[in-house]
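Reading the structure
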Amino acid sequence: MINVALPKGRLGEKVYQMFAKAGFECPSILENNRKLIFENKEKNVRYFWVKPSDVSIYVERGAADIGVCGKDILLEYEPDIYEILDLNMGKCRMAVAAKKDFYDDTNKTLKVATKFANIAKKYYASKCRNIDIIKLNGSIELAPILELSDVIVDIVETGTTLRENNLEVFEEIVPISARLIVNKSSFKFKTAEIEKIASSLKEQVEAND
Amino acid sequence: MINERYLKNEERVIYTLRSLYDSYGYLPFTMSKFEEYELYVKNKDFLVSDGVITFTDTNGKLLALKPDVTLSIIKNGQDEKGVKQKVYYSENVYRISGSTRQFKEIMQTGLECIGDIDLYDVFEVVTLACASLEAISENYVVEISHLGVLSSLLDCASSNDEFKNAVMECIKQKNAHEIKKLCKEYGIKEDKANLLCSFVGIYGKADSVLKKLDELNVSDDFASSVNELKAIVALLDSTKYKDKIQLDFSIVNDMNYYNGIVFNGFIEGVCETVLFGGKYDGLLDKLGRQSKGIGFAIYIDLLEEMGGQSRSYDVDVLVLYDKTDAKTLSEVVASYISKGQSVTTQKEIPERIRYKELVDLRGGKIND
């Protein structure tokens, strides 16, 4: 049985379609209900919906053999897993944003509001910049407006939220997209099934390019 | 006489492994829980986790709860030609766990072979790693890599250390797409970039992997590392562990300490790597020793995950009594114990207790 952790939401639904196309369909997943686990015994596969930022934990700890999650989560939590495919979906970028009139005074400690403390810490360490991280869990864009922070480090998709709040991207840190991740131990014992899924998904990604 | 019923899986494993290592002439090694912190500061990168739990002793010297066993074993010892020191251990190590920053006590069993080691010793240690996992479960895999193969491959692509470290990180994650991006970023020639990306896909049964490696014409260093790998695989081919062995180059250890053969072990049903091992001549060199060394450690704690050993009952028999005289009670208890059953005596049934049989002695007689 292959256990697959999918991120709740639009991305997860798209990814499920790719798995179904690869021959691992599970029609019950399309029913509109509140169930969390869906199984197709015939295809030897089980899917579950989890919070996107938790997918890597399910995979690292072996509750799921494989999963799909954003590169942002992998960079932030650095789980010990195999990252075997870039699905080229859910594309966005990790960026530093600030108010349009922001002036970066390098003589001062930079106050950075973010959900991604590890990514922010590493990025500014690579630039030898002294920062004060303010860990927030949501509405990051509010921080510079209320002068809680100088800048934010966050995911930027279209930039609409930033524009509407008079903020703009100052520096891009890294491009982000969804990745197929695998538990290291599962990879040793379910190699053939995992390779089958990965190669079919790879073909689909390449066909979409 | 040990009653198997009371032996936890981990305890049974440790006992079996002791006799296995002993039969190959490895001597037991017991060490102190504490070690001078300085030893770990000097060899920080050798440690698996960067968190060391420290405290000061009564003289103000900074000590650490030992986060690693190998360093304590190899820091002393004599280097003599033709001689080897072979030891095994079962020890707790103390680390700070990555994300939650909690203190963790981890039980490890393993062995070290230090001295004038040769191909046979490498073979013996890898064989013992296989035998150890076999003693735990029949569904296991030992994957072997050669760090020389990896480093010579990286050397042929670029001399930039930053690039090489980033690629190594990708190889560890079987991440070919990121290698492609890195090669573009660092201006690596297309043929070399393709070589690095395709290398990620080389893993599995030894025969097929070695065949693929032969097809790659990288460098003389690469070929000589492949030959070392072939020599060890040839020896393992004649053992019963042949089918359990795979080659996989995603094992990436710090090359300042490790060199040559490195290996990991997995057990079906345990989500993390259970066994870590490899040759660490670099570490010995840093400690000023001329010897070479190889060893491995098994994370015994992880075996709890295998399941199948949790108790479904707290006790076989619950004896309920009130004014029953102590003599009668003791006779009833003794009668069940002599039948090999476990007994608890209570005046009231404790909440949540699980028992197989209830014996009600209230009122001084056996009630139905």
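Each value, and the rule that gives it
Residues numbered from 1 in each chain as written. Chains lettered and ligands numbered in written order. Predicted model: local features only at pLDDT ≥ 70, side-chain atom pairs only at ≥ 80, totals over all residues. Heavy atoms only, no water. Helix = DSSP H or I, 4+ residues; strand = E, 2+ residues; numbered from the N terminus. Rg over C-alpha atoms; globule rule 2.2 N^0.38 Å. Buried < 20%, exposed > 50% of the residue type's maximum accessible area, 1.4 Å probe, protein only. Contact = heavy atoms within 4.5 Å. Areas by Shrake-Rupley, 256 points an atom, 1.4 Å probe, with all protein chains shown as cover. Core = buried A, V, L, I, M, F, W, Y, C linked by side-chain atoms within 4.5 Å. Domains from an automatic or database assignment. Phe/Tyr/Trp six-rings, centres within 6.5 Å; stacked < 30°, edge-to-face > 60°. Lys NZ or Arg CZ within 6 Å of the ring centre and 35° of its normal. Pairing = 2+ DSSP bridges. Axes fitted to C-alpha atoms, helices over the stretch in contact; angles between N-to-C directions.

Within chain B one finds 12 helices and 15 strands. Taking 21 Å as the expected radius of gyration for a compact globule of 368 residues, we find that chain B reaches 27 Å, considerably beyond that expectation. Once the C-alpha set of chain B is aligned to its principal axes, its extents read approximately 90 × 50 × 40 Å. Looking at chain B residue by residue over its 368 residues, the buried ones come to 49%. Excluding contacts between residues fewer than 6 apart, the proportion of contacts in chain B whose partners are at least 24 apart in sequence is 71%. Within the structure as shown, chain B displays about 18,900 Å² of accessible surface, and the carbon and sulfur contribution to it stands at 48%.

Membership of the largest hydrophobic core comes to 99 residues, with the highest contact counts inside it found for Y21, I144, F199, L213, F263 and F296 of chain B. Looking at which element gives the most residues to this core, the answer is helix α4 (residues 119-136) of chain B, with 10 residues. Here this core gathers at least three residues from each of two domains, domain 1 (1-139 + 268-310) and domain 2 (147-243) of chain B. With sequence-adjacent residues up to four places away left out, F199 of chain B is seen in contact with V149, L150, L153, I171, L213, L216 and F249 of chain B. One finds F24, V68, I84 and A198 of chain A within the second-largest nonpolar core, a separate group that totals 33 residues.

How large an interface is tends to be reported as the accessible area lost when its parts come together. Here the domain parsing of chain B yields domain 1 (1-139 + 268-310), domain 2 (147-243) and domain 3 (315-366). Taking the mean C-alpha position of each, domain 1 of chain B and domain 3 of chain B sit 45 Å from one another.

Applying the stated criterion to the full structure yields 15 aromatic pairs over all chains. Taken together, the aromatic side chains of Y21, Y88, F263 and F296 of chain B make up a single cluster linked through ring pairs. Positioned above the aromatic ring of Y82 of chain A, the side-chain terminus of K174 of chain B is 5.0 Å from the ring centre. When the ring centre of Y257 of chain B is taken as origin, the NZ or CZ atom of K286 of chain B, which lies over that ring, is 5.4 Å away.

Quick look at the sheet that holds strand β13 (residues 315-320) of chain B now. Residues and elements named next belong to chain B. In space, the 3 strands of this open sheet follow the order β14-β13-β15, with parallel pairing throughout. With one partner strand each, in any of the chains shown, β14 (343-346) and β15 (355-360) form the two edges of the open sheet. On average, adjacent strands in this sheet sit at an angle of 25° to one another, irrespective of strand direction. Across 5 bridges, β13 lies against β15 in parallel orientation. Among the inter-strand pairings, V317 is bridged to a residue of β15, identified as E357. Packing against the sheet, helix α12 (residues 326-338) makes contact with β13, β14 and β15, and its axis sits at approximately 155° to β14.

A word on the pairing of strand β5 (residues 82-86) of chain A. Residues and elements named next belong to chain A. Where burial is concerned, most of β5 is hidden: 5 out of the 5 residues are buried. As paired elements, β5 and strand β11 (residues 178-182) share 4 bridges and run antiparallel to each other. Bridging from a neighbouring strand, D86 pairs with R179 of β11.

Residue and element names in this part refer to chain B. An order of β2-β4-β3 is seen for the 3 strands of this open sheet, with the pairing classed as antiparallel. With one partner strand each, in any of the chains shown, β2 (34-36) and β3 (54-56) form the two edges of the open sheet. Averaged over all pairs of adjacent strands, the angle between their axes in this sheet comes to 40°, without regard to strand direction.

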